[in-house]
Amino acid sequence: MPTDLPYAADAEVSLSYDEIEVLRLQYEKELAQSHITVQTKFNYAWGLVKSPVREHQVEGVRLLQEIYRTEPSRRRECLYYLALGYYKMGNFTDARSFNDLLLSREPTNLQAQSLASLIDKGVAREGYVGMALAGGVAAVGTLLIAGLIRRATRK
């Protein structure tokens, strides 16, 4: 889904499996030592959100939510990646909520502005798909009713 927005690259560029694996190994090493630094947790969450795999994105968002709740000093950096993670998962409502919160704090943040544009396009695209599905259901319903009426008038 290429875009001409200059700061929306995070929405389109994924980390490689090897890059995510490096972050995972560091996270698991610290987990085994019963002390995960906030930076390691953030780095791993960031990598997971940038993954093309939905399960990774879900886990990344979960980790970012933990950081957001427990580390007030890191909330600002979590907002964008929470919005990005929700956007990549197709949850445009939550993506917009987190992105709007970031924009309320930093109205000139170009990453958040470009992500807002992508979220708006996603909502519009979702609306078009919904309308197409509703139209398809209506067409099938009309054909079924017409068939029933035709069958009833033949008897």
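Going by the structure above, here's the rest.
Residues numbered from 1 in each chain as written. Predicted model: local features only at pLDDT ≥ 70, side-chain atom pairs only at ≥ 80, totals over all residues. Heavy atoms only, no water.

1. Description of the environment of Y86
Line of reasoning, step 1. By the element assignment, Y86 lies in helix α4 (residues 75–88).
Line of reasoning, step 2. We classify Y86 as buried; its relative accessible area is 10%.
Line of reasoning, step 3. Here the alpha-carbon distance between Y86 and N99, two residues 13 residues apart in the chain, equals 10.0 Å.
Line of reasoning, step 4. For Y86, the residues in contact, after removing those within four places along its chain, are V61, Q65, N91, D94, A95 and F98. (Helix = DSSP H or I, 4+ residues; strand = E, 2+ residues; numbered from the N terminus. Buried < 20%, exposed > 50% of the residue type's maximum accessible area, 1.4 Å probe, protein only. Contact = heavy atoms within 4.5 Å.)

2. Remarks on helix α2 (residues 38–49)
Line of reasoning, step 1. When the terminal C-alpha atoms of α2 are compared, their 16 Å separation across twelve residues agrees well with the 16 Å that a helix rising 1.5 Å per residue should span.
Line of reasoning, step 2. T40, K41, F42, Y44, A45, G47, L48 and V49 are the residues of α2 that are buried.
Line of reasoning, step 3. Where α2 is buried, its residues touch α1 (17–32), α3 (54–70) and α4. (Expected span 1.5 Å × (residues − 1).)

3. Some words on the nonpolar core
Line of reasoning, step 1. Counting 35 residues, the largest nonpolar core has L64, C78, L82, L84, Y87 and L115 as the members making the most contacts within it.
Line of reasoning, step 2. Counting residues per element, the ones that place at least two in this core are α1, α2, α3, α4, α5 (92–105) and α6 (110–154).
Line of reasoning, step 3. When near neighbours in sequence (up to four residues on either side) are disregarded, L115 contacts Y80, A83, L84, Y87 and N99. (Core = buried A, V, L, I, M, F, W, Y, C linked by side-chain atoms within 4.5 Å.)

4. Observations regarding the environment of Q113
Line of reasoning, step 1. Here Q113 lies in helix α6.
Line of reasoning, step 2. Taking C-alpha positions, Q113 is 8.4 Å from N99, a pair spaced 14 residues apart along the chain.
Line of reasoning, step 3. Setting aside residues no more than four positions away along its own chain, Q113 makes contact with L103, P107 and T108.

5. Considering α5
Line of reasoning, step 1. Its 14 residues give α5 an end-to-end C-alpha distance of 20 Å, which sits within 8% of 20 Å, the value for a rise of 1.5 Å per residue.
Line of reasoning, step 2. Listed as buried for α5 are F92, A95, F98, N99, L102 and L103. Projected down its long axis, α5 carries its buried residues within an arc of 140°, all on one side. Residues of α5 that are exposed and angled more than 90 degrees away from the buried face: T93 and S104. (Arc of directions from axis to C-beta.)

6. Considering the environment of T37
Line of reasoning, step 1. Residue position: T37 is located in the loop between α1 and α2.
Line of reasoning, step 2. Looking at T37, the relative accessible area reads 29%, which means it is partly exposed.
Line of reasoning, step 3. In sequence terms T37 and Y27 are ten residues apart; their C-alpha atoms lie 8.6 Å from each other.

7. Re the pattern of salt bridges
Line of reasoning, step 1. A complete count under the given rule lists eight salt bridges for this structure.
Line of reasoning, step 2. Measuring nitrogen to oxygen at the nearest pair gives 2.6 Å for the salt bridge that ties E66 to K41. With E66 in helix α3 and K41 in helix α2, the pair connects residues that are 25 residues apart, well separated along the chain.
Line of reasoning, step 3. Residue classification places K41 among the buried positions, given a relative accessible area of 17%.
Line of reasoning, step 4. For R76, the salt bridge is made with E106, and the minimal N-O distance between the two is 2.7 Å. One end of the pair, R76, is in helix α4; the other, E106, is in the loop between α5 and α6, and 30 residues separate them in sequence. (Salt bridge = Lys/Arg side-chain N within 4 Å of Asp/Glu carboxyl O.)

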